[in-house]
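Listed below are the residues making up each chain.
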Amino acid sequence: MRTQMATEAGRATAPSEDRALVGPNLLVVLDGVTAKPETGCAHDVGWFADQLSAEIMRFAHLGPAAGLAEAIRHTADLHSGTCDLDHPDSPSAAVGLVQIKDDVLRYLVLGDATVVVDTKRELHVVSDTTTNRTAGANPADVEHALTGEIPLQDVKRVAILSDGAARAVDLFNLFDWPKALELMAANGPDDLIRKMRQVEKEDAKAVDWPRKKISDDATVLYFDR
């Protein structure tokens, strides 16, 4: 399988709060939720995303849902003694995850990350933009994740995107998902981000495409067989 990754911060003046993980049978994109002025936490979103990334890799053997729940639990333990993890704006992240095991591809989406799985029969686009549930301090939030599994023999290609990258399709309508996958297959995921950034620059006041962030952190993991 061929795996490609592209990531770019939304602003040159601030580091990206997205994270991308590639393991032997695991692909993950984390999209850190932009912090409010008061979070109850002494750590920034980047720190949280780094810790959660490490714990997801550590517990990957448990499977997508159980592994993420344990990762959340152990990340919370790292700062429960210094931070108010019951604060509603405590650091958190949207998660898009794909794991391959026993000839089955399993996916999990918590929050507004997007997983796209192109199979021999149909295209699966999985994202949850209707909920505020993300991976924060409560492992029980994993119960709200969207999950599924697909026989690996049916899978042609997969993309996982933070919402800052998925806006190329679901906000700017630069292409539909089949054409976005074709673009990434031909030119790599960085070309999708590059084309999207051009639209953001042309609409720098968010007139044609109303949005809260003029330019957001954008991350894509793409693989095909």
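Above this text you will find the structure in question.
To start, this report covers the structure provided alongside it.

**Description of the sheet that holds strand E6 (residues 114-119)**
- Within the open sheet, the 5 strands sit side by side as E1-E10-E9-E6-E7. Their pairing is antiparallel. Bordering the open sheet on either side are strand E1 (2-8) and strand E7 (123-127), each of which pairs with just one other strand. Going across the sheet, the axis of each strand differs from the next one's by a mean of 10°, ignoring polarity.
- Pairing geometry for E1 and strand E10 (residues 218-224), over 7 bridges, is antiparallel. Of the residues in E10, the one forming a bridge with Gln4 is Tyr222.
- Against the sheet, helix H4 (residues 177-187) engages E1, E6, E7, strand E9 (155-161) and E10, with an angle of about 95° to E9.

**Details of the nonpolar core**
- Membership of the largest hydrophobic core comes to 22 residues, with the highest contact counts inside it found for Leu161 and Leu192.
- The set of elements that each furnish at least two residues to this core consists of E9, helix H3 (163-170), H4, helix H5 (189-202) and E10.
- Per-element tally for this core: the top contributor is H4, with 5 residues.
- Not counting the four nearest positions on each side in its chain, Leu192 is found in contact with Ala165, Ala168, Phe175, Ala180, Leu183, Met184 and Val220.
- Core analysis: the next-biggest nonpolar cluster, separate from the first, contains 20 residues, Leu26, Ala69, Val95 and Ala145 among them.

**A few points about H3**
- Within H3, 6 of the 8 residues are buried, which leaves it mostly tucked inside the rest of the structure.
- Residues of H3 that are buried: Gly164, Ala165, Ala166, Arg167, Ala168 and Val169.
- If you follow the buried residues of H3, they end up packed against strand E3 (26-32), E6, E9, H4, H5 and E10.

**A closer look at the packing of aromatic side chains**
- Scanning all chains against the criterion turns up 1 aromatic pair.
- With a centroid separation of 5.8 Å and an interplanar angle of 80°, the aromatic rings of Phe172 and Trp209 are classed as edge-to-face. Linking Phe172 in the loop between H3 and H4 with Trp209 in the loop between H5 and E10, this pair joins segments that are 37 residues apart in sequence.
- Residue Trp209 is classed as partly exposed on the basis of its relative accessible area, which comes to 28%.

**Quick word on the sheet that holds strand E8 (residues 146-151)**
- In spatial order, the strands read E2-E3-E4-E5-E8; together these 5 strands make up an open sheet with antiparallel pairing. Of all the strands in the sheet, just strand E2 (18-22) and E8 have a single pairing partner and so form its edges. On average, adjacent strands in this sheet sit at an angle of 10° to one another, irrespective of strand direction.
- One ladder, built from 6 bridges, connects strand E5 (residues 104-110) with E8; its direction is antiparallel. By the bridge assignment, Tyr107 is partnered in E8 with Gly148.
- Here helix H2 (residues 64-79) sits on the sheet in contact with strand E4 (93-101) and E5, set at roughly 45° to E5.

Conventions we followed
Residues numbered from 1 in each chain as written. Predicted model: local features only at pLDDT ≥ 70, side-chain atom pairs only at ≥ 80, totals over all residues. Heavy atoms only, no water. Pairing = 2+ DSSP bridges. Helix = DSSP H or I, 4+ residues; strand = E, 2+ residues; numbered from the N terminus. Axes fitted to C-alpha atoms, helices over the stretch in contact; angles between N-to-C directions. Contact = heavy atoms within 4.5 Å. Core = buried A, V, L, I, M, F, W, Y, C linked by side-chain atoms within 4.5 Å. Buried < 20%, exposed > 50% of the residue type's maximum accessible area, 1.4 Å probe, protein only. Phe/Tyr/Trp six-rings, centres within 6.5 Å; stacked < 30°, edge-to-face > 60°.

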